[in-house]
Every structure is written in structure tokens, then in C-alpha cells.
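Here are the chains, one letter per residue:
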Amino acid sequence: MKVSSIGEAIKRMPQYLYDQIMEQYDHNVVDRIIKGYMEKRVTSLRVNNLKKNQIQIINELKEEGIKIDRVSFSDDVLIIKNANLKTLQSLKMYDEGSIYLQSLSSCLPPIILNPKKNVSILDMAAAPGGKTTELASLTNNESSILACEVNQIRCERLKYNVAKQGATSVEVRNIDSRKLEDGLSFDYILLDAPCSGTGTIDLNDKQTYVSFSPRLVEKSSRTQLVLLKKALHLLKDGGTMVYSTCSILKQENEDIILEALKEFPNVSIVPIMFKGMELLPTLPTKIKGALTVMPSILYEGFFICKLKKKGSK
């Protein structure tokens, strides 16, 4: 049964999650977060420019009678108004890899990373491949992308999506990024770290929060810190990286960034700025320049921080 009130929503929430957001945000903000948890999020997709451009896709969607809304931050990301995932998956454009079904928030980290062509890029926790193939699309297959995934089954899904999307610039490796050779180095790194998923909760779907626990948050934060430190070791002098999670808890976000930077005085936070950013629903963050997207009918909760390593003199 659909949650109909904040009181009922609070009863459904894991107690630890409610305690954490009450501790981290003021009451008005908590109410807005909970309202976001009560919403069924929109269906959205990203145009794969390696196959077709947004005008071609929009015209094909119109021919199918599918209505869209645009978003503020990208011409290639579309909100679908009158079709569900199953309908979209039945379309030729889906079968041929001309679109990728992807949440709005998930599209943001590659856009914020903003990699150039003819550079080296590392995607450290890449499956199922939405952000990896977005990076390939943004660079028109003209950069070298190493996509890593530790889980073998998820890695096979990553390989499938990379091939389907025509992302020929991507090399997939079934490896834990923490074990990458120290001799490697990259111009750009995306670390969309494994997390507790507190940004993706839908209180009408128990599967989105049934596994949430203090232990999951603790385990996630330990892994995130090791991954971030590894990323900063692998980042070239003058290189740029983005750290992101689909969590809104500071233990997995700001605390991880601030702890890692203690060991890397040559790394600084780059204030995030991009077209249409002012229209996103956001949460307060204790790191100036970072971005925490609030859960809403449009967006999953997401944390994103951009970092730059100073070049050697």
C-alpha cells in the first residue's frame, strides 16, 4: 500500500536511518527528505551519442507516441512522461543501444567530471555501465577508459552494456580497483563508490531499504575511504576526479572526503558548477563546493565532490 503521510513514512523507515537524518539535517529538511522517499521517481533515459543524437531519438519517441520533458543540465537526458521501463525496453532504440535507461542523478557525475578527449580515464566501480558508457559518449570514444568491477556477474553485465552501447574506447577488467597496480596513472578518475543507498530509498518498495543497517553504513564507509585514497594515488599530477555516492549520509560522503584529504595536501576541492545546477533540489553540505542532491520525484539522493591534484613544480 502506498505511503500516504509523513507519520506513516517514519514508521516504515529503518530507525537508524531516521535517527541519522534527524541528527544531520534540521526538521524542515528532514520532512522534505521523507517526502522524497514517498515518491515514485520518474523514468528517464540518456541518449547515446555514439549511435544517435538527441534530435533523432526525440523524433523516434514522438513516432511511438511517447512524451518527454527536458532537464536543465543536459540536452541528452530525457524524462519520459507516459511510458514505463518495460515499454522503453521493447523499442528498437533500446535494443540497438541508442539509449540507456538511467536515473537523472546517475547522469550527473560524468557530466561534472567533464573529461576531455585524448586522455586516460578510470572508472573504479563501473557496473552496470551507465556512467562508463556516458563517459565514452561524452568523449566520443576518443579517450582511453579503464572500467573496473570486482563482482564477476556484474562485470559480465558491464561488458554487455559497453558492447551494446558501442563504447569501443572502454577496456573492462574484472578486478577490485583497490588492487590496481600502483604504476598506473590517469588524467581523470570517476569513483562512484559502493554505498548504503540512502538516496535511492522508495518507502513504497521495501526492497529499497530492507537491507539498510548500521553495519552496512560502517562497511561502506571503510570501503569508500580505501577506494578514495587509492584513486588519489592513481590520479596524475594536474588530474581531476569525481567522488560520488547514492547516499545522503555524511559518514559516507563529507567525512570520507575530509579524512582522505588529510593524507593528500596536494589535492583540493573544486567547486561544482554546471549549466542548470541551480534548478536541482539540494541538501546542505559541510564541504563548500560539493553537491548533495535531495531525494525527490525527479532525483535520487546523490552526493558528488570534485577533486584536483596539483601539478608538480
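Look above for the structure.
A few points on the structure. Please read all numbers here as calculations on a predicted model, not as lab measurements.

Of the two faces of strand β3 (residues 77–80), both are covered, the one formed by V77 and I79 as well as the one formed by L78 and I80. Where strand β1 (residues 43–47) lies against β3, four bridges are found, and the strand directions are antiparallel. Residue pairing for β3: T43 is matched across the bridge by I80. Here three bridges tie strand β2 (residues 68–70) to β3, and the two strands are oriented antiparallel to one another. What sits directly across from I68, in β3, is I80. Between the antiparallel neighbours β2 and β3 lie six residues.

Let's shift gears to helix α11 (residues 254–261). Every buried residue of α11 is listed here: E254, I256, I257, A260 and L261. Buried residues in α11, looked at end-on, bunch into an arc of 165°, giving them a common side. Turning to α11, the residues buried within the fold contact α10 (214–234), β9 (235–245), β10 (267–270), β11 (291–293) and β12 (302–309).

Bringing the side chain of Q224 into the picture now. Residue position: Q224 is located in helix α10. Ignoring any residue separated from it by four or fewer positions in sequence, one finds Q224 in contact with A193, P194, C195, Y243, T245, Q251, E252 and I256.

This part is about the pattern of salt bridges. Evaluated as defined, the whole model comprises 16 salt bridges. A salt bridge links K159 to E156; the nearest nitrogen and oxygen atoms lie 3.5 Å apart. Of this pair, K159 and E156 both sit in helix α9 (residues 152–164), three residues apart, which is roughly one turn of that helix. Among the residues examined, K159 registers a relative accessible area of 38% and is labelled partly exposed. We note a salt bridge from K262 to E259, for which the minimum N-O separation is 3.1 Å. You can call K262 exposed: its relative accessible area is 63%. A relative accessible area of 34% means that E259 is categorised as partly exposed. Each of K52, E60 and E96 takes part in salt bridges that share partners, so that together they form one network.

Spatially, β2-β3-β1-β4 is the arrangement adopted by the four strands of the open sheet, whose pairing is antiparallel. In the strand order of this sheet, the two ends are held by β2 and β4 (99–101), each with one partner. Across the sheet, the mean angle separating the axes of adjacent strands is 35° when strand polarity is ignored.

The tendency in soluble globular proteins is for nonpolar side chains to be buried side by side. Membership of the largest hydrophobic core comes to 33 residues, with the highest contact counts inside it found for F73, L108, I112, F274, L280, L291 and I304. Those elements that provide at least two residues to this core are β3, α7 (104–113), α8 (130–138), β6 (144–148), α9, β8 (186–192), β11 and β12. Per-element tally for this core: the top contributor is α7, with six residues. Dropping the residues within four chain positions of it, F73 is found in contact with L104, C107, L108, I111, F274, K275, L280 and Y299. I175, F186, L228 and L261 belong to the second largest nonpolar core, which has 30 residues in total.

We now examine α9. Compared with an ideal rise of 1.5 Å per residue, which puts 13 residues at 18 Å, α9 spans 18 Å between its outermost C-alpha atoms and is within 8% of the ideal. Turning to α9, its buried residues number three or more, namely C155, L158, N161, V162 and K164. Structurally, α9 contributes buried residues whose contacts are with α6 (92–95), β4, α8, β6 and β7 (170–173). At the N-terminal boundary of α9, the capping side chain belongs to N151, with an oxygen 3.0 Å from the backbone nitrogen of I153. Within two residues after α9, G166 carries a phi angle of roughly 70°, on the positive side.

For the structure shown, the criterion picks out two aromatic pairs. Plain terms: the ring middles of Y243 and F303 are 6.4 Å apart, the flat faces sit at 70° to each other, and that makes the pair edge-to-face. Placement of the pair is Y243 in strand β9 and F303 in strand β12, with a sequence separation of 60 residues. Given a relative accessible area of 0%, Y243 falls into the buried group. A relative accessible area of 0% means that F303 is categorised as buried. A cation sits over an aromatic face here: K164 above Y94, 3.8 Å from the ring centre.

The rules behind each value
- Residues numbered from 1 in each chain as written.
- Predicted model: local features only at pLDDT ≥ 70, side-chain atom pairs only at ≥ 80, totals over all residues.
- Heavy atoms only, no water.
- Buried < 20%, exposed > 50% of the residue type's maximum accessible area, 1.4 Å probe, protein only.
- Helix = DSSP H or I, 4+ residues; strand = E, 2+ residues; numbered from the N terminus.
- Pairing = 2+ DSSP bridges.
- Arc of directions from axis to C-beta.
- Contact = heavy atoms within 4.5 Å.
- Salt bridge = Lys/Arg side-chain N within 4 Å of Asp/Glu carboxyl O.
- Axes fitted to C-alpha atoms, helices over the stretch in contact; angles between N-to-C directions.
- Core = buried A, V, L, I, M, F, W, Y, C linked by side-chain atoms within 4.5 Å.
- Expected span 1.5 Å × (residues − 1).
- Polar contact = N/O pair within 3.5 Å; in protein donor to acceptor, adjacent residues only side chain to side chain.
- Phe/Tyr/Trp six-rings, centres within 6.5 Å; stacked < 30°, edge-to-face > 60°.
- Lys NZ or Arg CZ within 6 Å of the ring centre and 35° of its normal.

Geometric values such as these leave the question of function open.
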